[in-house]
Amino acid sequence: MADKSYNAFEMAQSQFDRVAKLLELDEATKELLRYNLREYHVSIPVRMDDGKVKVFRGFRVQHNDARGPAKGGIRFHPMETIDTVRALAMWMTWKCAVVDIPLGGGKGGVICDPHNLSMREQELICRGWIRQLAKDMGPIRDVPAPDVMTTGQHMLWMLDEFETIHGQRLPGFITGKPVGMGGSLGRTEATGYGVIFTVREALKELNLPPGDTTASVQGFGNVAQYAIELYQQIWGKVVCVSCWDQKDQISYSFAKKDGIDLNALRGITDHFGGIEKDKAKKLGYEVLPGDAWIEQPVEILMPCALENQITPETVKKVHAAVKFVVEGANGPTTTEADAVLKDRGIYLIPDFLANAGGVTCSYFEQVQSNMNYYWDKDEVLGKLDSKMTSAFLAVSELARERKLYMRDAAYVIAINRVAQASKDRGWV
Ligand code: NAD
């Protein structure tokens, strides 16, 4: 979660304003798209394990649903703010539009810290959040999914509450369900693999064989681990990863010049994506300060941890060898640092394109749940590859044709699609 001085919604709006100007959008369309269509603020009373009632605050924001039902995760975090949820809902709209899936954008959050809550208390928060919002969400209205500190188990409690209220089985209401309970095969890999489908295509454009490239990765969680897995399968070499150390409350980078051993590192990593420092040393890794990942002399930087990491300060450390940055995380580059990357001619695959594999696979899950018929993993990943590849090619072609920065090209495509859908519906 970002520090207080950083307002994600202001950043999302300023990115939108820049592209709205480029697209010469009319005033009404701008006014419609730079705000959310609907937002809900709810209070969730929960009888805690000690018998006392505690009231939790929660949100659901539906940014735009002109192209289809709103779609987006629900986060549990003690520092959650409505502005973060608003920004993430808006980014979901652009993400679904850029990969051309028939969904809009939404996001939810509850201010709470699961570290200090029993499973029973978490279940009651999930059920309470649904009870407050059940009328305003649904498989053809707004479809939630797991996000920060929520899992497949939380989704099942929410689904159960939703189905109980509606007296029907509606598995397409929520995604990120465990496999066997309506979840899709391939969902775990989808975001990280999706990142590398775009990297593979970008390397072709840059005439760089993947085997001749090295990468440095921030993060060693879900996105990072599967991105590394597929990148290594196409012969790329990862020489550094960085992660958060819960015990020391700082981040470290782990470097190995001849390439990291993914499975060995996985074996010494907790389920929050934290690598055990002492064990890594024993395996021959150099343990460096947290920011060292950004200073590596590699062709590719993959920020796959959290927002606001490539800043005016850290961007100065980006090595001259770096040819491109692929944003696996949401919002890892601040507006100022982005301008520096652009000036330096560094090729960029923007977050809402690079990490759209997750929502694309969630959409596949929803389709399968609605049909009550499930595909095998190869079919899911094949469909994912084809969606991500065509989205990437459309963005890079536009960038080339109109000499646009890749982030701007991705925004132009996404915003145009949503603006057009809003116009076609007669909203503006
Ligand atoms: P995760 O919780 O599995 O992993 C996060 C990783 O980041 C961990 O390795 C953690 O140690 C590391 N980290 C945290 N703070 C750090 C710091 N200050 N310095 C270095 N490393 C740090 O999360 P994830 O699911 O892999 O998500 C990563 C990013 O990708 C987030 O921005 C998320 O919003 C975005 N994203 C995730 C998905 C998905 O399907 N999981 C989809 C789209 C976008």
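Predicted, not measured: the structure shown is a model, and the values here were computed from it. The numbering scheme is per chain: residues are counted from 1 as the chain's sequence reads. Only residues with pLDDT of at least 70 get local features here, since the model is predicted, and only at 80 or more are side-chain atom pairs given and counted; chain-wide, interface and lining totals rely on the full set of residues. For side-chain calculations, the full set of non-hydrogen atoms in the structure is used, while hydrogens and water are omitted.

What am I meant to see in the overall build of the protein chain here?
Runs of E in the DSSP output that reach at least two residues are strands. Runs of H or I that reach at least four are helices, and both are numbered from the N terminus. Helix and strand counts for the protein chain stand at 14 helices and 12 strands. It is over C-alpha atoms that the radius of gyration is taken, and the globule rule equals 2.2 Å times the number of residues to the power 0.38. A compact globule built from 428 residues would reach a C-alpha radius of gyration of about 22 Å, and the protein chain, at 21 Å, matches this within 12%. Dimensions of the protein chain, computed from C-alpha atoms along their principal axes, come out at roughly 55 × 55 × 45 Å. When accessible area is computed with a 1.4 Å probe and restricted to protein chains, residues below 20% of their type maximum are described as buried, those above 50% as exposed, and intermediate ones as partly exposed. Out of the 428 residues belonging to the protein chain, those deemed buried represent 59%. Any two residues whose heavy atoms approach within 4.5 Å at even a single point are treated as in contact. Sequence-distant contacts, at least 24 apart, represent 72% of the contacts inside the protein chain between residues at least 6 apart. His is not counted here, nor are the chain ends, while Lys and Arg score as positive and Asp and Glu score as negative. Taken as the charge location is NZ of Lys, CZ of Arg, CG of Asp or CD of Glu. Both charge centroids of the protein chain, one from 51 positive and one from 55 negative side chains, sit 2 Å from each other.

For this particular structure, what's the right way to read unusual backbone geometry?
It is generally the case that most residues other than glycine have a negative phi and that most peptide bonds are trans. Unlike most non-glycine residues, E24 shows phi in positive territory, near 50 degrees. The phi dihedral of Q249 falls on the positive side, at around 55 degrees, and the residue is not glycine.

Teacher, can you tell me more about the sheet that holds strand β4 (residues 105–111) here?
Pairing between sheet strands relies on hydrogen bonds along the backbone, with the strands arranged either parallel or antiparallel. By definition, two strands form a pair when at least two bridges between them are found by DSSP. Taken together, the 5 strands give an open sheet; going across it, the order is β1-β2-β4-β3-β5, and neighbouring strands pair in mixed fashion. If you trace the sheet from one side to the other, it starts and ends with β1 (38–47) and β5 (142–146), each paired once. The sheet shows a mean angle of 25 degrees between the axes of neighbouring strands, taken without regard to direction. Where strand β3 (residues 70–77) and β5 come together, 5 bridges link them in parallel fashion. Comment: axis = line fitted to C-alpha atoms, over the contacting stretch for helices; angle = value between 0 and 180 degrees taken between N-to-C directions.

I keep staring at the domain arrangement of the protein chain and nothing clicks. Help me out?
When the parts of a complex come together, some accessible area is lost, and that lost area is often used as the size of the interface. Taken domain by domain, the protein chain holds domain 1 (38–181) and domain 2 (184–428). For the domains described, the bounds stem from an automatic or database domain assignment. For domain 1 versus domain 2, the separation of C-alpha centres amounts to 25 Å. Between domain 1 and domain 2, the contact holds 29 residues from the first and 31 residues from the second. Note on terms: buried area is the combined drop in 1.4 Å-probe accessible area of two parts once they are placed together, counting the loss on both. Taking both partners together, domain 1 and domain 2 bury about 2600 Å²; carbon and sulfur atoms supply 66% of that area. Three residues, W94, K95 and V98, lead the burial of domain 1 against domain 2; their summed loss comes to 25% of the area buried on that side. Between Lys or Arg on one side and Asp or Glu on the other, a salt bridge is scored when a side-chain nitrogen of the former is within 4 Å of a carboxyl oxygen of the latter. One can count 1 salt bridge joining domain 1 with domain 2. In this structure, K177 engages E365 in a salt bridge whose closest nitrogen and oxygen atoms are separated by 2.8 Å.

Explain helix α4 (residues 119–133) to me, please; I cannot follow it from the model alone.
Helical periodicity: at 3.6 residues per turn, an α-helix aligns residues three or four positions apart in one direction. Under the convention used throughout, the expected extent of a helix is 1.5 Å for every residue step, that is, one less than its residue count. Across its 15 residues, α4 extends 21 Å between first and last C-alpha, which sits within 8% of the 21 Å expected from 1.5 Å per residue. Of all the positions in α4, only E121, Q122, I125, C126, R127, G128, W129, I130 and L133 are classed as buried. Lining the buried residues of α4 we find β1, β2 (53–64), β3, β4, β5 and α5 (152–166).

Whenever I open this one, the site of the ligand confuses me. Can you help?
The criterion for a residue being near a molecule or strand is simple. One of its heavy atoms has to lie within 4 Å of it. The environment of the ligand is formed by 22 residues, the closest being T191, F220, V223, W244 and G273. For the ligand, a nitrogen atom lies 3.4 Å from a polar atom in the side chain of Q218. With respect to the ligand, the backbone of G221 contributes an N or O atom lying 3.2 Å from an oxygen atom. In isolation the ligand has 830 Å² of accessible area, and contact with the protein removes 76% of it. Of all the secondary-structure elements, those providing two or more residues to the shell around the ligand are α6 (187–205), α7 (222–233) and β7 (237–245). Here the shell around the ligand gets 3 residues from one element, more than from any other, and that element is β7. Whenever two N or O atoms come within 3.5 Å, that pair is a polar contact, provided that in protein one can donate a hydrogen and the other can accept it, and provided that, for residues adjacent in sequence, both atoms are side-chain atoms. Surface accessibility follows the Shrake-Rupley procedure with a 1.4 Å probe radius. Residue values consider only the protein chains on display as shielding.

Sorry, what's going on with the packing of α6 against helix α13 (residues 377–401) here?
Packing of α6 against α13 leaves a shortest axis separation of 9 Å and a crossing angle of 45 degrees. Taken as axis vectors, α6 and α13 run oblique relative to one another. Considering the relative orientation of α6 and α13, their crossing is right-handed. Residues E189, A190, Y193, G194, F197, T198, R200, E201, A202 and E205 of α6 form the contact with α13, whose own contacting residues are K377, L381, L384, D385, M388, T389, F392, L393, S396 and R400. Residues are grouped as follows: Ala, Val, Leu, Ile, Met, Phe, Trp, Tyr, Cys and Pro are nonpolar; Asp, Glu, Lys and Arg are charged; every other residue, Gly included, is polar. Across the contact of α6 with α13, the residue classes break down as 9 nonpolar, 4 polar and 7 charged. Geometric relationships in this document are graded by angle, where less than 35 degrees denotes roughly parallel, more than 145 denotes roughly antiparallel, 65 to 115 denotes roughly perpendicular, and other angles denote oblique. Handedness of each helix crossing follows the sense of rotation of the near helix against the far helix: counterclockwise by less than a right angle gives left-handed, clockwise gives right-handed.

Please clarify how the packing of aromatic side chains should be interpreted in this entry.
Describing an aromatic ring pair means giving the distance of the ring centres and the angle of the ring planes. Geometry of aromatic contacts follows a simple scheme: Phe, Tyr and Trp rings, the Trp one being its six-membered ring, pair when their centres are within 6.5 Å, and the pair is stacked under 30 degrees between planes, edge-to-face over 60, tilted otherwise. Scanning all chains against the criterion turns up 7 aromatic pairs. Here the aromatic rings of F16 and W94 are separated by 5.8 Å at their centres, their planes lie at 5 degrees, and the arrangement is stacked. In this pair, F16 sits in helix α1 (residues 8–22) while W94 sits in helix α3 (residues 82–98), placing the two residues 78 residues apart along the sequence. Between Y363 and F364 the ring centres are 5.9 Å apart and the planes differ by 40 degrees, which places this aromatic pair in the tilted class. Accessibility assignment for this pair places Y363 and F364 in one class, buried. Each member of the aromatic cluster is reached from another via a ring pair, and the members are Y363, F364 and W375. Ring-over charges, as used throughout, are those where CZ of Arg or NZ of Lys falls within 6 Å of the ring centre and within 35 degrees of the ring normal. One cation-aromatic arrangement involves K256 over Y285; the distance from NZ or CZ to the ring centre is 4.5 Å. Above the face of the W375 ring, K383 is positioned so that its terminal group lies 4.5 Å from the ring centre.

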